[in-house]
Amino acid sequence: SGSGTGWVPSVLLVFLLAYAACHTFTLIGKSCEITGSRTFRDLWISAFGHGCSPWAVDLAIFIQTCLGSIIYLGLMGDTFSSLMTLTGVFPSFLCHRSVAIIALSTFVLWPLAMIRDLSSLGFTSILGLVAVLYTVVFVLVRAMDGSYAIDPPGKFLQDDLIAATPSFDQSSYWNVDLSCLVLVSNLSLAFIAHYNAPTYWRELRNANSARFLRVSRSSYTILMVIYILVMCGGYATFGDSCYGNLLRNYHPHDRLAGFARLSTGLSIIFGFPLIANGARESFTSLYNAAYAESIGSHHRNLPRAKLVTVFLVITSCVAISIDDVKVAAGLSGATVGSFLVYICPSLVYVTIVRKRSGPESLEYKKILRNILFVPFGFGTVILGVSMTIQHMV
């Protein structure tokens, strides 16, 4: 994504947007500390009151988690269908992308999404990180060993079995144009964890804003380094021919790529419960709000199993119908991602501090600069969507 953007501006964009996303993420933790809120909806109500459409935040989170789930399922379908084909054990009709998505949703993702306490996933998160680190090393090795080189042709370019031949027609060091907005949109999605920030806050041991800041900075620094290495390694190997799912570019008989696909698939599986949790909590909040208005009751528990089942059925069907996740990632990041990453956290935090300390207070004037994320977010929405659609055409 963002093909045509120079190497230096691309790396700089990753750094700047990682910093911005980390900063707005910590604003949510600070808001939780000030108000004692436990959900994104509670934060919105603390800032703007019940009369300012608190359902809009739940709807945005629900849409974002649904789109994120579709992207995850699409990546898993690409990954595991390719692995099943590579083994030569499974009949061809079982190696289809759609079959892999259905099987994973039914037998793997459904049990994981039923887990109630996210802290119990700590061990799988470590395994997921190890899997991601292997993929990073693999991408860098293939970028340097010449096996996908164009001149002379590398060993994996001898039989024309790769999905797309590497091309570097638009490669440059410094070029910046409107195509970089596609990269910005995708990075908005890549760095989003904000819908689960209140959950992380309430499950953080000895939670306070300073501790939350340290944990957030460490996590986002690791993410930033991983994204930069994979982005640079992937583009150095395939250039403008990179798919939204980079691992689709590698030769089907590249054994190291097979392990990378497996590693990536496992890391996505381990991260899926976080998205499912965000979708379930936001939908439950939406339902209870609508139920309270129509019936007069303020809370009703929804069957977790039914919620998870319907969620997986719908997102799996959509994922099967979309071949490349690049478009879904770009549109998701440019719209709902920008709202949740840049606009909502800064608006909520600035308003909460203003209500607590007063508009003339030194504290409020000191943090007022955070409001600059709002116009930046709206700009990302408008320009990011337009450029993503242009790239589709």
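Here, every reference points to the structure presented above.
The sections below set out a description of the structure shown in this document. (Residues numbered from 1 in each chain as written. Predicted model: local features only at pLDDT ≥ 70, side-chain atom pairs only at ≥ 80, totals over all residues. Heavy atoms only, no water.)

Evaluated as defined, the whole model comprises seven salt bridges. Here Glu-281 ties to Arg-202 by a salt bridge, and the two come within 2.8 Å at their closest N and O atoms. Of this pair, Glu-281 sits in helix H9 (residues 255-295) while Arg-202 sits in helix H7 (residues 197-203), and the two are 79 residues apart along the sequence. Arg-202 sits in the partly exposed class, given a relative accessible area of 28%. Taken together, the shared-partner salt bridges in this structure form one network comprising Arg-142, Asp-145 and Asp-254. (Salt bridge = Lys/Arg side-chain N within 4 Å of Asp/Glu carboxyl O. Helix = DSSP H or I, 4+ residues; strand = E, 2+ residues; numbered from the N terminus. Buried < 20%, exposed > 50% of the residue type's maximum accessible area, 1.4 Å probe, protein only.)

Right, let's talk about the environment of Ile-343 for a bit. Tracing the backbone through its elements, the reader meets Ile-343 in helix H11 (residues 325-357). On the basis of relative accessible area, Ile-343 is assigned to the buried category, the value being 2%. Considered as a pair, Ile-343 and Ala-289 are 54 residues apart in the sequence and their alpha carbons are 23 Å apart. Leave out the neighbours within four places in its chain, and Ile-343 touches Ser-338, Val-374, Gly-377 and Phe-378. (Contact = heavy atoms within 4.5 Å.)

Our next topic: the nonpolar core. One finds Met-76, Phe-191, Ile-269, Phe-272 and Phe-311 to be the most contacted residues of the largest nonpolar core, which totals 65 residues. Considering every element that reaches this core, the biggest residue donor is helix H3 (residues 55-87), with eleven residues. What Phe-272 contacts, discounting residues up to four positions off in sequence, is Ser-69, Tyr-72, Leu-73, Met-76, Leu-109, Phe-311 and Leu-312. Ranked by size, the runner-up nonpolar core spans 13 residues in total, among them Leu-157, Leu-246, Tyr-250 and Ala-257. (Core = buried A, V, L, I, M, F, W, Y, C linked by side-chain atoms within 4.5 Å.)

This part covers the packing of helix H1 (residues 7-35) against helix H6 (residues 180-190). At a minimum axis distance of 10 Å, the contact between H1 and H6 shows a crossing angle of 35°. Here H1 runs over H6; the crossing is right-handed. Contact with H1, carried on its side by Ser-10, Leu-13, Val-14 and Leu-17, involves Cys-180, Leu-183, Val-184 and Leu-187 of H6 and no other residues of that element. The residue makeup of the contact of H1 with H6, split by class, is seven nonpolar, one polar and no charged. (Axes fitted to C-alpha atoms, helices over the stretch in contact; angles between N-to-C directions. Left-handed = near helix turned anticlockwise from the far one by under 90°. Nonpolar A, V, L, I, M, F, W, Y, C, P; charged D, E, K, R; others polar.)

Where two aromatic rings form a pair, the distance of their centres and the angle of their planes describe that pair. In total, this model carries 17 aromatic pairs according to the counting rule given. Taking 5.0 Å as the distance between ring centres and 25° as the angle between the ring planes, the aromatic pair formed by Tyr-148 and Phe-156 counts as stacked. Note on accessibility: Tyr-148 and Phe-156 belong to one class, buried. Among the aromatic side chains, those forming a connected cluster through ring pairs are Phe-25, Phe-191, Tyr-200, Trp-201, Phe-212, Tyr-220 and Tyr-227. When the ring centre of Tyr-243 is taken as origin, the NZ or CZ atom of Arg-248, which lies over that ring, is 4.5 Å away. (Phe/Tyr/Trp six-rings, centres within 6.5 Å; stacked < 30°, edge-to-face > 60°. Lys NZ or Arg CZ within 6 Å of the ring centre and 35° of its normal.)

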